[in-house]
Amino acid sequence: LPNLQQAGDGFMVDNGMMEQLELPNLQEVGNCFLGYNKSLRQLKLPSLQKVGNVFLRENKYLTQLELPNLQSAGDGFLAKNENIEQLELPNLQNVEDEFLRCNKVLRLLELPCLQKVGYDFLSRNEELMEVELPSLQEVGEDFLYKNNALTQLELPSLKKAKSGFLYCNEFYYVQIPSGYS
């Protein structure tokens, strides 16, 4: 599907055989893009800019995810994916609710351009050790919930945080700029 630029809801759900998916010109996807795929190991979407709700859910063997141009994500971006250890989204600017939830081995998250997130941004990613959010300015409720391996956090650009900012975590160092609300 080299010419596909847009995909609607439920694009690929419960597929048992595909191990690699590359859609070089795909720019936008609807809700429930990829879910419950039993063999998918690599996903390369170099032109993707916008995703709807529940982008990737329970793709147990997915280890490689390349989304270099992603700018916006809906609710439930990445949930219950058991083999992604590192996630770099260099152009992501805005995400809705429940961005990363219950990813068992995720250790590193790099989001250098992210500015605004909805509620429950990171939840129950128990091996997550490093998060880079240098441009983040606004966060919703329950920003970080039970990410117990994450012990340090720097948010140099943060201006606004809602209730439950850091909830049930094990931080020993948090740096937030003076004057945030």
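Check the entry above for the structure.
Since the structure is predicted, the reported quantities are computational estimates derived from the model, not experimental observations.

Parameters at a glance
- Residues numbered from 1 in each chain as written.
- Predicted model: local features only at pLDDT ≥ 70, side-chain atom pairs only at ≥ 80, totals over all residues.
- Heavy atoms only, no water.
- Core = buried A, V, L, I, M, F, W, Y, C linked by side-chain atoms within 4.5 Å.
- Buried < 20%, exposed > 50% of the residue type's maximum accessible area, 1.4 Å probe, protein only.
- Contact = heavy atoms within 4.5 Å.
- Phe/Tyr/Trp six-rings, centres within 6.5 Å; stacked < 30°, edge-to-face > 60°.
- Helix = DSSP H or I, 4+ residues; strand = E, 2+ residues; numbered from the N terminus.
- Salt bridge = Lys/Arg side-chain N within 4 Å of Asp/Glu carboxyl O.
- Pairing = 2+ DSSP bridges.
- Axes fitted to C-alpha atoms, helices over the stretch in contact; angles between N-to-C directions.

**Q** Would you mind going over the nonpolar core in detail, with residue names and values included?
**A** Core analysis: the biggest nonpolar cluster contains 49 residues, and F55, F77, F99, F121 and F143 have the highest contact counts within it. Other than its neighbours up to four places away in sequence, F121 contacts V95, E98, F99, L100, L111, L114, L133, D142, F143 and L144.

**Q** Any details on the packing of aromatic side chains? Residues and values, ideally.
**A** Scanning the entire structure with this criterion turns up seven aromatic pairs. A centroid spacing of 5.1 Å and a plane angle of 10° characterise the contact between F11 and F33, whose relative ring orientation is stacked. Taken together, the positions of F11 in the loop between β1 (6-7) and β2 (12-13) and F33 in the loop between β4 (28-29) and β5 (34-35) put the pair 22 residues apart, joining distant regions of the chain. The interplanar angle of 10° and the centroid separation of 4.9 Å between the aromatic rings of F77 and F99 together place this pair among those described as stacked.

**Q** Talk me through the pattern of salt bridges; I want residue IDs and the actual numbers.
**A** Scanning the entire structure with this criterion turns up six salt bridges. D14 serves as the salt-bridge partner of K38, at 2.4 Å between the closest nitrogen and oxygen. Residue K38 is located in the loop between β5 and β6 (42-44), and its partner D14 is located in the loop between β2 and β3 (20-22); the two are separated by 24 residues in the primary sequence. Assessed through its relative accessible area of 48%, D14 is described here as partly exposed. K104 is paired through a salt bridge with E82; the nearest N and O atoms lie 3.9 Å apart. One end of the pair, K104, is in the loop between β14 (100-101) and β15 (108-110); the other, E82, is in the loop between β11 (78-79) and β12 (86-88), with 22 residues separating them in the sequence. Using a relative accessible area of 27% as the deciding quantity, one classes E82 as partly exposed.

**Q** Which residues make up the environment of C113, and what are the values?
**A** Turning to its location among the elements, C113 is positioned in the loop between β15 and β16 (116-117). In this structure the C-alpha to C-alpha distance between C113 and V13, which are 100 residues apart in sequence, comes to 30 Å. The residues touching C113, leaving out its near neighbours within four places in the chain, are P90, N91, L92, Q93 and S135.

**Q** Describe the sheet that holds strand β18 (residues 130-132), with residues and values.
**A** One open sheet holds the three strands; their spatial order is β12-β15-β18, and the pairing between them is parallel. Strands with a single pairing partner mark the edges of an open sheet, and in this sheet they are β12 and β18. Each strand of the sheet is rotated relative to its neighbour by a mean of 0°, with strand direction disregarded. With three bridges connecting them, β15 and β18 associate as parallel partners. If you follow E110 over to β18, its bridge partner there is E132.

**Q** An account of the sheet that holds β6 is requested, with residue identities and associated values reported.
**A** Through backbone hydrogen bonds, the strands of a sheet pair up, either in parallel or in antiparallel fashion. The strand order across the open sheet built from three strands is β3-β6-β9, with neighbouring strands paired in parallel fashion. Among the strands making up the open sheet, the edge pair consists of β3 and β9 (64-66). Between one strand and the next, the sheet's axes are offset by a mean angle of 0°, whatever the strand orientation. The pairing of β6 with β9 spans three bridges and is classified as parallel. The residue bridging K44 from the neighbouring strand is E66, located in β9.

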